[in-house]
Amino acid sequence: LAAEAHTTMTDTSWTTKTAAAQDTRPVSSAVHTGYDAAEKTEDGIPLYGMDKELAAKAAAKRDPKKEQEARGWIEALTGMSLDGTLQEALKSGIVLCALASAIKPGVCKKASTMAMPFKQMENISNFLDACTKLGVGKHDLFQTVNLYENKDMNSVLLTLEALGRVASKMPDYKQEWPTFGAKLADKSVRHFDNETLAKGKAAQTFIGRGSTGQANQSGMVDTSRNIGKMDHVKGVEKLGGDGSVTAVGMGSHGHASQAGTVDTSRNIGKMDKVKGVEGFGKDGTATAVGMGSHGHASQAGTFDTSKDIDKMKNVKGDGVDELGKEGISAINLGSTGLASQSGMYDTSKDID
C-alpha cells in the first residue's frame, strides 16, 4: 500500500509539472523588445523604460534650426570645420575649448587630444569652467553627461546661447563674427531729483492698487451683465440721488412715514357725541381724561375730608397753635419740650 501511494504521488507531481511546462500564457501584457528591435541612440545604445521616455522628451525639444545656427557660429569663431552631427563634433571637448579661447585667449586650459573617455570629459569640464569665468550663470551650464552621452542636446544649445550673449559684450569679440543668442540689454542708469523721489515714496504701490489698478475695490465686480430691475419703472428717476426718499423708503403707500398704512375709515368715533370736549388737548389745556371725574387737572377734591378728626384741636399748651409753622413740630419737641435731648438725664449727682 505504501508503494502504491508513493507511486500515485509521484505520478501526480509529474502531471502537475508537465501541465505547468505546457502552459505558455503570458503573465503580463508587457512585451519584451530585443536588441535588434529596440530604439537606439546615435551611439547604438538601446533604450528601455525611463531612458526611452527621457530620450523621447529630449528629441521633442530638439531644434534642428538652432543646431545649424550654433554650428555656423562655432565654425566662424574657431575656423574649424565640424564633421558629423553637432553632438559628435563637440563630444571630445576639443572644439569647445577652442571656442572659449577664441572669445578670450587663455581663459580655458589647453584641450587634450587623447581619445580616452575621461580625457574628453575633462575637456568638457574645462570648457564649463571657462564659461563661468566669462560670466555665464551656473544655471545656464549643461551637465557633462548630457553632451558626452547625448542625453540632452537642448541643454547644450542653451549653454552655447548664454555664451554667445556674454561673448558679444567682450572687448576681444570681432565685429565680423556672427552673434548667437539674444543680445544683452545695455545698462541704462537713471537719476531722479529729491522731489521726484519724494513723490514716488508717497505714491500708491502696485500691490496696494491691486489688479484693478486703483486703491479701492472699484471695478473688481463685473456689472455689465446685471439686470436693471428698476429700468422700466416710471417716476423713480434720480430717486435717492438728491437726498430725497427712495422708492424703497417710501414703501407701497408712497410716503416716507407710516401715514396711510392703517385704514381708519371704519373707526368708531367714541367721543363724537360727547359735548363740551371740543378743542381739548389742542391748545395745551387738560383733556377730559386728564381732568378725571372731579373736573380738575390735579387730585384736589378726590378725597372727602368732611369727616376727618382734628387730633390736635383739643391739645392745650403754650405755643401749640404755632407749632409746625417755624419748622419744628410737636412730635419733634418730645416730652422735654425741646428739639434735642437736653434735660433728659439727671446730672446733679455726677462726680467731676
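Residues numbered from 1 in each chain as written. Predicted model: local features only at pLDDT ≥ 70, side-chain atom pairs only at ≥ 80, totals over all residues. Heavy atoms only, no water.

Before going further, it helps to examine the overall build of the chain. Within the chain, the secondary structure is distributed over 13 helices and zero strands. Counting the 352 residues in the chain, one finds 18% classified as buried. Considering only contacts within the chain whose residues lie at least 6 apart along the sequence, 40% involve residues at least 24 apart. As presented, the chain carries roughly 28100 Å² of accessible surface, and 54% of it is formed by carbon and sulfur atoms. (Helix = DSSP H or I, 4+ residues; strand = E, 2+ residues; numbered from the N terminus. Buried < 20%, exposed > 50% of the residue type's maximum accessible area, 1.4 Å probe, protein only. Contact = heavy atoms within 4.5 Å. Areas by Shrake-Rupley, 256 points an atom, 1.4 Å probe, with all protein chains shown as cover.)

Two elements in contact, helix α3 (residues 64-78) and helix α8 (residues 153-167), have axes whose closest approach is 11 Å; the angle formed by their N-to-C orientations is 45 degrees. On the basis of their axis angle, the class for α3 and α8 is oblique. Relative to α8, α3 is oriented so that their crossing is left-handed. Touching Lys66, Glu67, Ala70, Trp73 and Ile74 of α3 are Met153, Leu157, Leu160, Glu161, Leu163 and Gly164, all from α8. Looking at the contact of α3 with α8 residue by residue, the class counts come to seven nonpolar, one polar and three charged. (Axes fitted to C-alpha atoms, helices over the stretch in contact; angles between N-to-C directions. Parallel < 35°, antiparallel > 145°, perpendicular 65-115°, else oblique. Left-handed = near helix turned anticlockwise from the far one by under 90°. Nonpolar A, V, L, I, M, F, W, Y, C, P; charged D, E, K, R; others polar.)

Let's shift gears to the pattern of salt bridges. For side chains of opposite charge, pairing can occur when their charged atoms come near one another. Enumeration over the complete set of coordinates arrives at four salt bridges. The salt bridge partner of Glu161 is Lys66, with a shortest N-O separation of 3.5 Å. A residue pair is termed long-range when its members are at least 10 positions apart, and Glu161 in helix α8 and Lys66 in helix α3 qualify at 95 residues. A salt bridge links Glu122 to Lys119; the nearest nitrogen and oxygen atoms lie 3.8 Å apart. Here Glu122 and its partner Lys119 are both found in helix α6 (residues 117-134), three residues apart, which amounts to about one turn of the helix. (Salt bridge = Lys/Arg side-chain N within 4 Å of Asp/Glu carboxyl O.)

Right, let's get into unusual backbone geometry. In the Ramachandran plot, Asn150 falls in the positive-phi region, its phi being about 55 degrees despite a non-glycine side chain. With respect to the helices and strands, Asn150 occurs in the loop between α7 (144-148) and α8. Asn150 sits in the buried class, given a relative accessible area of 17%.

Let's shift gears to the nonpolar core. In terms of nonpolar packing, the biggest core is built from 39 residues, with Trp73, Leu99, Ile103, Phe127, Leu160 and Leu163 touching the most fellow members. The set of elements that each furnish at least two residues to this core consists of α3, α4 (86-90), α5 (94-103), α6, α7 and α8. Considering each element in turn, this core owes the most residues, eight residues, to α8. Apart from residues lying up to four places away in sequence, Leu163 is in contact with Trp73, Leu99, Ile103, Phe127, Cys131, Leu134 and Val136. (Core = buried A, V, L, I, M, F, W, Y, C linked by side-chain atoms within 4.5 Å.)

If you check α6, its first and last C-alpha atoms are 26 Å apart, about what 18 residues at 1.5 Å a residue would give, namely 26 Å. Taken together, the buried positions of α6 are occupied by Gln120, Asn123, Ile124, Asn126, Phe127, Leu128, Ala130, Cys131 and Leu134. Among the structural elements, α5, α7 and α8 are those in contact with the buried residues of α6. In the segment just after α6, Gly135 is the residue with positive phi, at about 115 degrees. (Expected span 1.5 Å × (residues − 1).)

What follows deals with the packing of aromatic side chains. Going through the model one piece at a time under the given rule, you end up with two aromatic pairs. Ring geometry for Trp73 versus Phe180: centroids 5.5 Å apart, planes at 25 degrees, classification stacked. Placement of Trp73 in helix α3 and of Phe180 in the loop between α8 and α9 (194-202) is noted, with a sequence separation of 107 residues between them. Phe180 carries the same exposure label as Trp73, and that label is buried. Pairing Tyr173 with Trp177 gives two aromatic rings, centres 5.2 Å apart and planes at 80 degrees, and the pair type is edge-to-face. By the burial criterion, Tyr173 is buried, and Trp177 matches it. (Phe/Tyr/Trp six-rings, centres within 6.5 Å; stacked < 30°, edge-to-face > 60°.)

Where the model shows low pLDDT, its predicted coordinates should not be examined in detail. Put simply, the chain has an average pLDDT of 76, and 62% of its residues get 70 or more. For the chain, the element scoring lowest by mean pLDDT is helix α1 (residues 2-22), at 49; α6 scores highest, at 95. The low-confidence segment residues 3-10 (pLDDT under 50) makes zero contacts with residues lying over four places distant or belonging to another chain. (pLDDT = per-residue confidence, 0-100.)

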